[in-house]
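Chains, contacts and geometry: an overview
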Amino acid sequence: DAVLHRLHHTRGIGLELVQAGAHGAFGSRVLERMAQGAGRHRALAEQHLADYAALTASRGVHMALQVVSVSVRGDEAALDAMMRNLIDNAVRYSPRDGQVRVQLSREGGDAVLTVEDSGPGIPAEARTRVFERFHRELGSGVEGSGLGLSIVKQVVEMHAGSIVLDDSPQWGGLRATVRLPAL
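In what follows, the accompanying structure is described. Think of each chain on its own: its residues are numbered from 1, step by step along the sequence as written. pLDDT decides what is reported in this predicted model: residues at 70 or higher carry local features, side-chain atom pairs at 80 or more are listed and counted, and totals for whole chains, interfaces and linings draw on all residues regardless. For side-chain calculations, the full set of non-hydrogen atoms in the structure is used, while hydrogens and water are omitted.

**A word on the nonpolar core**
Only buried residues count toward a nonpolar core. Its members are Ala, Val, Leu, Ile, Met, Phe, Trp, Tyr and Cys residues joined through side-chain atoms within 4.5 Å. Working definition: with a 1.4 Å probe on protein chains only, accessible area under 20% of the residue-type maximum means buried, over 50% means exposed, and in between means partly exposed. Of all hydrophobic cores here, the largest spans 36 residues; its most connected members are M82, L86, L113, L149, I163, L165 and V178. Secondary structure elements follow DSSP: runs of H or I of four or more residues count as helices, runs of E of two or more count as strands, with numbering from the N terminus. Secondary-structure elements contributing two or more residues to this core are α5 (76-93), β4 (99-107), β5 (110-117), α6 (148-158), β6 (162-167) and β7 (174-181). A per-element tally of this core places α5 first, with eight residues. What makes two residues a contact is simply this: any of their non-hydrogen atoms within 4.5 Å. Not counting residues within four places of it along the chain, the set of residues in contact with I163 comprises L86, F131, V152, K153, V156, T177 and V178.

Below, the structure written as structure tokens:
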């Protein structure tokens, strides 16, 4: 029940982001809230990993979480949707017996969320296109709407951050690195 509730909630946020992005009104509709403390971020990341436990177990995907103390000002629901989309992509694109790592750290004045996997990655020439709404890379064999990374990008920009997609140096899959201003 909790997983279904969170998935419906996240889908609703995604629809709101898409609709508002089409009208350029998202920023004005967001209530700024403080999402503080490593305990809250750790709990959020751990909840996402717990939500995916059945899927990862059935596919043999191994997940790891590394979190340090860092705080970010922003819309908690939108940040939750961002994290969920990144983890969902990593899990779904990882092969059987694959690897996924979620890391939250602090580098200088930034909170840094890194999600990397051992999946097929995204070709360098396609990395800007995957942020477009409804874009899907052909031949992936994974179902989806093509909205996940578009939502991630909108949330990151709404929070004055940046996102970089590159190759995972450890596993060769995709590494998504989000940088947001830390408190």
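**Focus on the side chain of S94**
Looking at the secondary structure, you find S94 in the loop between α5 and β4. In terms of polar contacts, S94 uses its side chain to reach the backbone carbonyl oxygen of A90, at 2.7 Å. Contacts described as polar in this section are N or O atom pairs within 3.5 Å, which, within protein, must combine one atom able to donate a hydrogen with one able to accept it, while residues neighboring in sequence count only if both atoms come from side chains.

**Describing the pairing of β7**
Here a strand pair is declared whenever DSSP counts at least two bridges between the two strands. Across seven bridges, β5 lies against β7 in antiparallel orientation. Across the sheet, A111 pairs through a bridge with L180, a residue of β7. Here β6 runs beside β7; their pairing, made up of six bridges, is antiparallel. Opposite L165, over in β7, you have A176 as the bridge partner. Between the antiparallel neighbours β6 and β7 lie six residues, among them G172 with a positive phi of about 80°.

**Considerations on the packing of aromatic side chains**
Each Phe, Tyr or Trp ring (for Trp, its six-membered ring) is paired with any other whose centre lies within 6.5 Å, and the angle between the two planes then decides the class: stacked below 30 degrees, edge-to-face above 60, tilted in between. According to the stated counting rule, one finds zero aromatic pairs in the structure shown. Here, a charge over a ring means that NZ of Lys or CZ of Arg falls within 6 Å of the ring centre while also lying within 35 degrees of the ring normal. One cation-aromatic arrangement involves K153 over F131; the distance from NZ or CZ to the ring centre is 5.1 Å.

**Comments concerning the pairing of β4**
Alignment of strand β2 (residues 62-67) against β4, held across six bridges, turns out to be parallel. Paired with M63 across the two strands is V100, which belongs to β4. Two elements, β4 and β5, share eight bridges in a ladder whose sense is antiparallel. The residue of β5 that forms the bridge with E107 is D110. In textbook terms, the turn of a hairpin is the stretch between consecutive antiparallel strands, and for β4 and β5 this stretch comprises two residues, one of which, G108, has a positive phi near 60°.

**Brief notes about the sheet that holds β4**
Ordered by their spatial adjacency, five strands build an open sheet running β2-β4-β5-β7-β6, and the pairing between neighbours is mixed. Two strands bound the open sheet, and with one partner strand each, they are β2 and β6. Taking each pair of neighbouring strands and ignoring which way they run, the sheet shows an average axis angle of 15°. Only the stretch in contact is used when a helix axis is fitted, and all axes are lines through C-alpha atoms; the angle between N-to-C directions ranges over 0 to 180 degrees. Across the sheet, α5 touches β2, β4, β5, β6 and β7, and the angle it forms with β5 is around 25°. Taken strand by strand, α6 contacts β6 and β7, and its axis lies near 140° from that of β6.

**Thoughts on the pattern of salt bridges**
Within this document, salt bridges are pairs made up of a side-chain nitrogen of Lys or Arg and a carboxyl oxygen of Asp or Glu, the two lying within 4 Å of each other. Applying the stated criterion across every chain yields a total of seven salt bridges. A salt bridge links R179 to E107; the shortest N-O distance between them is 2.7 Å. Residue R179 is found in strand β7, and its partner E107 is found in strand β4; the two are separated by 72 residues along the sequence. Residues D166 and R175 are paired through a salt bridge, measuring 2.7 Å at the closest nitrogen-oxygen approach.

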